[in-house]
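What the coordinates show
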Amino acid sequence: MKPDLALNLSFDGISLLERTPAGWIVLGEASLDADLETEMARLRQAALGSGAGTEAVKLVIPNDQIKYLDCAAAPGDPEPRVREVLEGATPYTLDELRYDWSEKAGKTLIAAVARETLDEAEAFARGHGFRPVCFVAIPKRRKFKGEPFFGPARSWEGEAPERDDFLMRIVDEPDGEAEADAAAPVAPAAAATHPDPTAAPPAPGAEALRAAR
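Residues numbered from 1 in each chain as written. Predicted model: local features only at pLDDT ≥ 70, side-chain atom pairs only at ≥ 80, totals over all residues. Heavy atoms only, no water.

**What to know about the overall build of the chain**
Just so we agree on the cut-off: Helix and strand labels come from DSSP, where a helix needs a run of H or I of at least four residues and a strand needs a run of E of at least two; each type is numbered from the N terminus. Every residue pair with non-hydrogen atoms within 4.5 Å of one another is taken to be in contact. In this description, accessible areas are obtained by the Shrake-Rupley approach with a 1.4 Å probe, and a residue is regarded as covered only by the protein chains that are shown.
Within the chain, the regular secondary structure consists of four helices and nine strands. Sequence separation of at least 24 residues holds for 68% of the intrachain contacts in the chain that already meet a minimum separation of 6. When the accessible surface of the chain is summed, it comes to about 9600 Å², and 49% of that surface belongs to carbon and sulfur atoms.

**What to know about the pairing of strand β2 (residues 13-20)**
On a regular strand, each side chain points to the face opposite its neighbour's, so the side chains alternate between the two faces of the sheet. As a reminder of what qualifies: Throughout, exposure labels follow a simple rule: accessible area from a 1.4 Å probe, protein chains only, divided by the maximum for the residue type, with under 20% read as buried, over 50% as exposed, and the rest as partly exposed. Should DSSP find at least two bridges between two strands, the strands are regarded as paired.
Within β2, six of the eight residues are buried, leaving the element largely enclosed by the surrounding structure. Sheet topology places strand β1 (residues 5-10) next to β2; six bridges connect them, and they run antiparallel. Paired with Leu5 across the bridge in β2 is Glu18. Counted between consecutive antiparallel strands, the loop separating β1 from β2 contains two residues. In this sheet, strand β3 (residues 23-30) lies alongside β2 in antiparallel orientation, the contact comprising seven bridges. For Arg19, the partnering residue across the bridge sits in β3 and is Trp24. Taking the residues that link successive antiparallel strands as the turn, the β2-β3 hairpin has two residues.

**Let's talk about the sheet that holds strand β7 (residues 107-114)**
For the record, the criterion: Interaxial angles span 0 to 180 degrees and are taken between N-to-C directions of axes, which are lines fitted to C-alpha atoms, for helices over the stretch in contact.
Taken in spatial order, the three strands line up as β5-β7-β6 in an open sheet, and their pairing is antiparallel. Each edge of the sheet is formed by a strand with only one pairing partner; in this case those strands are β5 (67-72) and β6 (97-104). Direction aside, the axes of adjacent strands within the sheet are offset by 20° on average. Sheet topology places β5 next to β7; six bridges connect them, and they run antiparallel. Following the sheet pairing, Ala72 is matched in β7 by Lys107. Contacts from helix α2 (residues 79-86) reach β5, β6 and β7 within the one sheet, and its direction differs from that of β6 by about 120°.

**What about the packing of aromatic side chains?**
Counted only if it meets this: Stacked, tilted and edge-to-face are the three classes applied to pairs of Phe, Tyr and Trp rings, where Trp contributes its six-membered ring and a pair requires centres within 6.5 Å; stacked means planes under 30 degrees apart, edge-to-face means over 60, and tilted covers the rest.
Enumeration according to the criterion identifies one aromatic pair in this entry. When the ring of Tyr99 is compared with that of Trp101, the centres are 6.3 Å apart and the planes differ by 25°; the resulting orientation is stacked. On the basis of relative accessibility, which here comes to 6%, the residue Trp101 falls in the buried class.

**Examining the nonpolar core**
Test applied: For the purposes of this section, nonpolar cores are sets of buried Ala, Val, Leu, Ile, Met, Phe, Trp, Tyr and Cys residues that join through side-chain atoms within 4.5 Å.
Ranked by internal contacts, the top residues of the largest apolar core, which has 43 residues, are Leu7, Ile14, Met40 and Phe130. Residues Tyr92, Tyr99, Ile110 and Ala112 belong to the second largest nonpolar core, which totals 13 residues.

**Observations regarding a negative patch on the surface**
Heads up, the condition is: Patch definition: residues above 30% relative accessible area lacking any salt bridge, with like charges linked at up to 9 Å and the nonpolar side chains Val, Leu, Ile, Met, Phe, Trp and Tyr linked at up to 5 Å. Should a side-chain nitrogen of Lys or Arg be within 4 Å of a carboxyl oxygen of Asp or Glu, the pair is scored as a salt bridge. Neither His nor the chain termini are counted; the positive set is Lys and Arg, and the negative set is Asp and Glu. To locate a charge, take NZ of a lysine, CZ of an arginine, CG of an aspartate or CD of a glutamate.
A surface patch of negative charge is lined by Asp95, Glu96, Glu116 and Glu120. Take Glu96: it is sitting in the loop between α2 and β6.

**Some points on a nonpolar patch on the surface**
The grouping of Ile25, Leu27 and Val171 at the surface amounts to a nonpolar patch, some 180 Å² of accessible area in total. Along the chain, Val171 turns up in the loop between β9 (149-152) and α4 (206-212).

Set out below in structure tokens:
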């Protein structure tokens, strides 16, 4: 299944997005400087009142929490090379990461995130009444082809989530911040699900987001 709602977690605030034929639109925003409980309750009501009518969302992880790498593409299965590149590139062991990859212009593009970051993002969303389905990112141009997909949330018990064929495009997002990648769909990577790795704040919970501002 592909959720029609998403919570976009960023260090500037949290936004609720809804899928439309033209792209993803912003249904509401929660400021980190306001009463977050009230703000998030308002977003949850917006989710229930949307066309999707559900608290089920995919969580968009901040790029600050994601390690983007690349290497020359190699014939055959890219995963051994991906794991080799990630080894020692982050403060985490491979089994502490979820990662994904895509291929473009002779390169293998890698996105990785710490499992603890995903766990904290999931706990934050659940704590405010949302049902996290899966984890994705919106990389900046040339960092990745398509949508980085980091697999299902631990608490999700519904139909298995699927990656979208194309990168999320927020309709009112300034040009150049994200790539709409309308080229051929990305072949599914091994969603052992692979993720981050930067030494950034541990996770995008409310306090971590505030502290990083």
